[in-house]
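Each chain, letter by letter, is given below.
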Amino acid sequence: MRGAVIHAPGDVRFETLDDPKILHPTDAIIRTALSCVCGSDLWPYRGLEPIGDPHPMGHEYVGFVEEVGSEVTSVKPGQFVVGSFATSDNTCANCRNGFQSNCLHREFMSTCQADYVRIPNAQGTLVATAETPAEEFWPGLLAVSDVMGTGWWAADAAEVEPGSTAVVVGDGAVGLSAVIAAKEMGAERIIAMSRHEPRQKLALEFGATDIVSERGEEGVARIKDLTDGMGADAVLECVGTAEAMRQAQHSARPGGSVGFVGVPHQVAIDGQELFFSHVGLRGGPAPVRRYLPDLMDRVLTGRINPGKVFDLTLPLDQVAEGYKAMDERRAVKALLKP
């Protein structure tokens, strides 16, 4: 088969790879219908995470089941399936508590920008649609496998409630999905922090009521101006940088909550500042599997369309251009078609 391999910062190649095989009775093999490039893939691409030896890339996927291991009964060959970037058995204590992304048997997906993918823990990870959906729904379902599920987790972790004021820090695919989530959870006011006009327009289309283009302490000051000096009830941090986390913490009102879902890089929390702020923090890898059935239904019924975050569509063999376009901010998110 063919797939993306990262060799060094800025060096992603499309290569011939070994076909995946069933290694454990809990595995499945899927034929990829769509994959994509994630904002978190840019950390190693930009040299901000170690790469080590050349290795495959990608953790978002929808596709058709080709083969299943002997212990997989929840899906069968031929079905269209959606999964999570973090696999889970969906039966351990952490899974039963709703944190499938911390499953005791978790494996993070990392080979999905390819023609075929082996899915560990397939029984608890994959969710099949009732029938093969029309292709117009595939991008939205692909978004559910990570960015929409992660945006939903940001809103959930930040405790967005009906009538509340929410701030979204970050205008990438996760941040834009978080706007959808905040609206679906009933936020009355949704302030999107963005300085890029195309992303601002999409945020407004998704339900944002206000746009704040300032960053850092200037951005915080603007949030305070918009909230009568108090700050927001819920802040959804969708970037992962130290600046974004500070901005999120300082934008929340006393008693408010921050849901942080951007993979942290050089983020440090000042314990004394947090203590006196009365701001709550919760985050981590999104428990996408918890939300999959609900979010898939919202996509398939047309209630939400997170597939609009894909503003660049490429054949899989042009995956390197997808990375380059996102790195240069010429694209929010690159969709890859095998």
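Residues numbered from 1 in each chain as written. Predicted model: local features only at pLDDT ≥ 70, side-chain atom pairs only at ≥ 80, totals over all residues. Heavy atoms only, no water.

Peer 1: Can you lay out the nonpolar core for me, pointing to particular residues and giving the numbers?
Peer 2: Core analysis: the biggest nonpolar cluster contains 58 residues, and Val62, Phe80, Met148, Val160, Leu236 and Cys238 have the highest contact counts within it. At eight residues, helix H6 (residues 173–184) tops the list of elements feeding residues into this core. Counting 17 residues, the second-largest nonpolar core is a separate cluster that includes Val37, Leu42, Val319 and Met326. (Core = buried A, V, L, I, M, F, W, Y, C linked by side-chain atoms within 4.5 Å. Buried < 20%, exposed > 50% of the residue type's maximum accessible area, 1.4 Å probe, protein only. Helix = DSSP H or I, 4+ residues; strand = E, 2+ residues; numbered from the N terminus.)

Peer 1: Give a description of the packing of helix H5 (residues 147–157) against helix H11 (residues 288–300) that names residues and reports values.
Peer 2: Interaxial distance between H5 and H11 falls to 10 Å at its minimum, and their mutual angle equals 110°. The orientation of H5 with respect to H11, classified from their angle, is roughly perpendicular. When H5 is examined against H11, the residues Met148, Gly149, Thr150, Trp152, Trp153 and Asp156 are found in contact with a partner set consisting of Val288, Arg290, Tyr291, Asp294, Leu295 and Arg298. (Axes fitted to C-alpha atoms, helices over the stretch in contact; angles between N-to-C directions. Parallel < 35°, antiparallel > 145°, perpendicular 65-115°, else oblique. Contact = heavy atoms within 4.5 Å.)

Peer 1: Break down the pairing of strand E16 (residues 334–337) for me, citing the residues and quoting the values.
Peer 2: Note that strand E3 (residues 28–36) and E16 share two bridges and pair antiparallel. Its bridge partner being in E16, cysteine 36 is matched across the sheet by leucine 335. As paired elements, strand E15 (residues 312–315) and E16 share four bridges and run parallel to each other. When the sheet's bridge partners are listed, proline 315 is paired in E16 with lysine 337. (Pairing = 2+ DSSP bridges.)

Peer 1: Account for the pairing of strand E1 (residues 2–8), naming residues and giving values.
Peer 2: With six bridges joining them, E1 and strand E2 (residues 11–16) adopt antiparallel strand pairing. Each bridged residue has a counterpart across the sheet, and for valine 5 the counterpart in E2 is arginine 13. Linkage of E1 to E2, two consecutive antiparallel strands, is achieved through a turn of two residues, within which glycine 10 is found at a positive phi near 75°. Pairing geometry for E1 and strand E4 (residues 55–56), over two bridges, is antiparallel.

So far we have only geometry, and geometry alone does not tell us how the molecule works.
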